[in-house]
Amino acid sequence: MKLGLEQQKAAALGGGPVRVVAGAGTGKTAVIAERFRRLVARGVSPDAILVMTFTERAAREMRERIEGLIDGPASSVGTFHSIALSWLREDGKSIGVPSGFRILTGADRWILARELMWSIGDAALTGDERPDDLVAPVLQMFERMKQELVGIGRLAAWADSADDPERAALMRACVKLFRAYEGECRKQRLLDFDDLLLLAVRLFEKNPAVLRRYAERYPHVLVDEYQDLNLTQERLVELIAGGADPFVVGDDDQSIYRFRGASRASLERFVRSFPGAGTITLGRNRRSSRRIVSAAAALIDHNPDRLGKQLRGQQSGPAVQMWECPDSTSEATAIAREAEVLVGAGISLSSIAVLCRTNAIARPIAAALAAHGLPHVVIGGHGFHDQPEIKDLIAMLRVIRDPADLVALARPAAAALQPLLERFAGAANQLDVRDLFFELMEQSGYAGGLPGAAANVSRFAEIIGEFCETAADHSLDAYMRHLDLVLLSGEDEAPAQVEAADAIQVMTIHQSKGLEFDAVFVPALVEGRLPQSSRSPRFELPPAVLEPLVRGREDVIAEERRLLYVAMTRARRRLYLTRATHYEGGRRWRESRFLNEVREAGPRVVVETQVASTASPAAPAVVNGHGGDVHLSYSAISAYQDCPRQYWYRHVERLPVVQSAEAVHGVILHEVLRRAGELRKQGRPISARSLKSIHQQVWNAAAFPDPRRAPAFKRNGIAELEAYRVRGGFDPVPAYLEQPFDVAVDGWKLHGIIDRIDRTGEGWRIIDYKSGRPIARRRRDLQVALYALGATGALHLEPLQLEVVYLASGESVQVDGVGAIVHDAEVEGSRVADGVRAGRFESRPERRRCRLCPYRLACTDAL
């Protein structure tokens, strides 16, 4: 690309540190490459110029561009992590980094943290309804600490003096886990990804002579995407370039990777660290049309406290399209039809992109593209373990492990091979899993029939080999237990790459950073999707432990606005902003607040269109409609709400579900509560001793499925029950315990079991026990409202009060507005019953929901 005057001036600026504030499409990469070229032209050796950037892709593109300009190698161009790794390999021993260390990543890191969490058994973490769900956010918080140079001791000190007892207990539990994690990593000679940068900082801070040697090696330091740097990366730049003239380029408007925003923090800290730094601003967008630039500028102007820059487009182009569609099918079809028109007009498939906030949004659009015969690729939509051939292999191994595994046999590949798999089952415990897998592939011929998937099958064999290198037990059972944890972690590697083809690119907005396309579609611009709803602050670091510049965290909306800005500025000529008024669930979705901000660019820039409804094919009926009475429970209604396909697997096909440790623990607690309630009905008091005795009896009678975690569950359970006793939970005498009901409701039948009903002075109180922490209000209200429906219709108990007792947190919640929520529950139950009668069992894939679904292996749509 030919450099403009702005870029040349920026590249030539000298006489000290330089900060280039570069708007979207203004040529940030080109400026750094030109700076490198000019230094080499002045006689500087390429080996003396260190270039650091954020991602592997960006580093590769930067290296290729520089080498094309200087016609020679540029060996010191890389990501922060790869460069820090090379430094630690060379000099890390001086600060105690073990030689031959391994990098702990992905599922292995999650499994280690989970193992330690359960070994410690702190109820602040393991007392949750689904404790394993906390492992990932806890690790993310630990990453954040390393990225922002927050020592474990600083967090521990905060927890010791905090005013919020529950949050302090949670942070103390995290501190214990982090210390155990660090100790285990030292013991096993492991480093995780963020250790690389943290230890590189420590290396330079503790060894001035080593720092001086590297600083002399790299008198010129160039850094790209500076707005996304965390404090550890910034500190690394300050150390290595302390005696040099660093040259950094960034755009606070495109800060989408820095934790929770803090978009200006890195660029402002640079000026504070290098007080003589010169600043130059690039505002001429050389990528997008004037109208696209105007629309994007109208949006981003609503973010407060931005660094000043006047974005200007330099080429003409069509107006930005803003579509309102009646439903998601119409939206997806409209995108596919327009893409077809663009291809017919000569635009290459690979120059068209659909940029989505999440992968789930991409699925119906990918289906519409396929229906129109348009080649496309969904980037990052499915991980390695979600590839059809890998799910087939997992199903085969599960059948060998257990020939009665009906979920695994629901995959055709496993059911076709059932006789062969049953023959393998007899020898499975005697064979090394590597040998077993090799023989399975040889005798089944499976891999030979899938030439396009052969690379993934080979990688699966490699993964089994990698497991055996570190595991003492090489049996199939040991490997499958490990694989269960890998799948539970949600951590996955990318599938084997296929040869690049001319295809429409469907990806998330985050994945599009640094790319550009002739035409860009941004779908699902509705409240709750873009912007997404605010996230739980439970595992946020307390502001007091962070440096002042990033304590005042920007709100989620500013961060989401930057995401849309990045998506819009990927477009060169054509930009389509689309939304539907109805997605799944039936409710009407409000348009994104960002659309009104884009409209401020004016009608010459933005053209709005009402898209006509597309005749939607009926949702695929997996089975014929339900001919007789429809019987529903809370769990059945909840399952259908989450995913009708899951309901079908469980309540129509009746595929069995293996009870999790969490579920069995809940059953144990409910049985203890029932037995204690029966004693109260006999007039006997419940003491701490008698409660402990009941708990021990129930525990001894239960078949707990996870011996490794049993001590923590048992310890937490009796502690929660005793806390409930101390609060007076057993003082009233129950009228009903574990009371079943069956009642006709508007053409369908509701059945269930109510945990406990007490008689009050004015009526009756339904009490529902929860073994976890508070759940979403909508789900909570639905459950107790259905119980109220059963109590009034079958037991004729009125008036009613509703109470939910959360044993793990010690909270008791009185549910108000009984009449209204009962009506809503009846309506929702009738909607589900109608869907069941009509045979509407479509899938509703969503990453976390699919990860927890027991039928994920059988479902072809699972994410």
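Presented here is a report on the structure given in the accompanying data block. The structure displayed is predicted, hence computed values, not measured ones.

Some points on the layout of surface pockets
Roughly 360 Å³ of internal volume is contained in the second largest pocket. For the second largest pocket, the lining is made up of 17 residues, of which Arg-186, Leu-191, Asp-195, Leu-199 and Arg-202 are closest to its centre. Of all the secondary-structure elements, those providing two or more residues to the lining of the second largest pocket are α9 (165-188), β5 (190-192) and α10 (193-206). A per-element tally of the lining of the second largest pocket places α10 first, with 5 residues. Each residue belonging to the lining of the second largest pocket can be placed in one class, and the counts come to 9 nonpolar, 1 polar and 7 charged.

Some remarks on the sheet that holds strand β12 (residues 352-356)
Taken in spatial order, the 7 strands make up an open sheet running β13-β14-β12-β15-β16-β11-β17, and their pairing is parallel. Across the chains shown, the open sheet's two edge strands, defined by having one partner strand only, are β13 (376-378) and β17 (606-610). Taken over all neighbouring pairs, the strand axes of this sheet differ in orientation by 20° on average, direction set aside. One ladder, built from 5 bridges, connects strand β11 (residues 320-325) with strand β16 (residues 571-580); its direction is parallel. Bridging across to β16, Met-322 finds its partner in Leu-577.

Side note on the packing of aromatic side chains
Remark: the centre distance and the inter-plane angle together describe each pair of aromatic rings, the angle taken between the planes. Enumeration over the complete set of coordinates arrives at 26 aromatic pairs. Look at Phe-142 and Phe-178: their rings are 4.2 Å apart centre to centre, the planes differ by 5°, and that puts the pair in the stacked class. Residue Phe-142 is found in helix α7 (residues 135-147), and its partner Phe-178 is found in helix α9; the two are separated by 36 residues along the sequence. Since its relative accessible area comes to 2%, Phe-142 is described here as buried. On the basis of relative accessible area, Phe-178 is assigned to the buried category, the value being 1%. Here the aromatic rings of Phe-437 and Phe-460 are separated by 5.4 Å at their centres, their planes lie at 55°, and the arrangement is tilted. Of this pair, Phe-437 sits in helix α21 (residues 433-444) while Phe-460 sits in helix α22 (residues 454-470); the two residues are 23 residues apart in sequence, bridging distant segments of the chain. Neither Phe-437 nor Phe-460 differs from the other in exposure class; each is buried. Among the aromatic side chains, those forming a connected cluster through ring pairs are Trp-118, Trp-699, Phe-704 and Phe-713. Over the face of the ring belonging to Tyr-583 we find Arg-529, whose NZ or CZ atom lies 4.4 Å from the ring centre. Against the face of Trp-589 rests Arg-529, its NZ or CZ located 4.7 Å from the ring centre.

Description of helix α20 (residues 418-425)
Within the span of α20, buried status applies to Leu-420, Leu-421 and Phe-424. For α20, the arc enclosing every buried residue in end-on projection is 95°, short of the 170-degree limit, so these residues lie on one face. Each element contacted by the buried residues of α20 is listed here: α17 (388-401), α19 (412-416) and α21.

Details of the state of the cysteines
Under the criterion given, the structure shown has 0 disulfides. For Cys-643, which is in no disulfide, the shortest distance to another cysteine sulfur is to Cys-859 and amounts to 6.2 Å.

Some remarks on α7
Along its 13 residues, α7 runs 18 Å from first to last C-alpha, staying within 8% of the 18 Å computed at 1.5 Å per residue. Looking one or two residues beyond α7, the residue adopting positive phi is Leu-149, at roughly 55°.

A word on the pattern of salt bridges
This structure, assessed with the given rule, holds 62 salt bridges. Here Asp-228 ties to Lys-513 by a salt bridge, and the two come within 3.1 Å at their closest N and O atoms. Of the two residues, Asp-228 sits in the loop between β6 (220-223) and α12 (231-240) while Lys-513 sits in the loop between β14 (504-508) and β15 (517-522), which places them 285 residues apart along the sequence. Look at Asp-228 and you get buried, because its relative accessible area is 3%. Owing to a relative accessible area of 7%, Lys-513 belongs among the buried residues under this scheme. In this structure, the salt-bridge partner of Arg-411 is Asp-392, at a minimum N-O distance of 2.8 Å. Of the two residues, Arg-411 sits in the loop between α18 (406-409) and α19 while Asp-392 sits in helix α17, which places them 19 residues apart along the sequence. Judged by relative accessible area, which is 11%, Asp-392 ranks as buried. Each of Glu-205, Glu-234, Arg-235, Glu-238, Arg-269 and Glu-547 takes part in a single network of salt bridges with overlapping partners.

Here's the deal with the environment of Gly-72
Counting through the fold element by element, Gly-72 comes out in the loop between α3 (56-70) and β3 (77-79). Once the C-alpha coordinates of Gly-72 and Pro-46 are considered, the two residues, 26 residues apart in sequence, prove to be 8.6 Å apart.

Observations regarding unusual backbone geometry
The peptide bond linking Leu-530 to Pro-531 adopts the cis configuration, its omega dihedral lying at 10°. For Pro-531, the location among the structural elements is in the loop between β15 and α24 (556-568). Of note in this structure, Leu-149 is not a glycine but carries a positive phi near 55°. With respect to the secondary-structure elements, Leu-149 resides in the loop between α7 and α8 (152-161). The residue Glu-738 is not glycine, and still its phi comes out positive at about 45°. On the secondary structure map, Glu-738 appears in strand β19 (residues 734-745).

Re the pairing of strand β2 (residues 49-53)
Burial of β2 is extensive: 5 of the 5 residues sit out of reach of the surface. In β2, alternate side chains face the same way, and those of Ile-49, Val-51 and Thr-53 on one face and Leu-50 and Met-52 on the other are all buried. With 4 bridges connecting them, β2 and β6 associate as parallel partners. Each residue of the ladder has a partner; that of Met-52, found in β6, is Val-223.

Definitions and cut-offs
- Residues numbered from 1 in each chain as written.
- Predicted model: local features only at pLDDT ≥ 70, side-chain atom pairs only at ≥ 80, totals over all residues.
- Heavy atoms only, no water.
- 1 Å grid on protein atoms, 1.4 Å probe; cavity = no way out; pocket = protein on both sides within 12 Å on 5 of 7 lines; lining within 4 Å.
- Points joined across faces, edges and corners; volume = space filled by probe spheres on them.
- Helix = DSSP H or I, 4+ residues; strand = E, 2+ residues; numbered from the N terminus.
- Nonpolar A, V, L, I, M, F, W, Y, C, P; charged D, E, K, R; others polar.
- Pairing = 2+ DSSP bridges.
- Axes fitted to C-alpha atoms, helices over the stretch in contact; angles between N-to-C directions.
- Phe/Tyr/Trp six-rings, centres within 6.5 Å; stacked < 30°, edge-to-face > 60°.
- Buried < 20%, exposed > 50% of the residue type's maximum accessible area, 1.4 Å probe, protein only.
- Lys NZ or Arg CZ within 6 Å of the ring centre and 35° of its normal.
- Arc of directions from axis to C-beta.
- Contact = heavy atoms within 4.5 Å.
- Disulfide = S-S within 2.5 Å.
- Expected span 1.5 Å × (residues − 1).
- Salt bridge = Lys/Arg side-chain N within 4 Å of Asp/Glu carboxyl O.

All quantities given are derived from atomic positions and should not be read as evidence of function.
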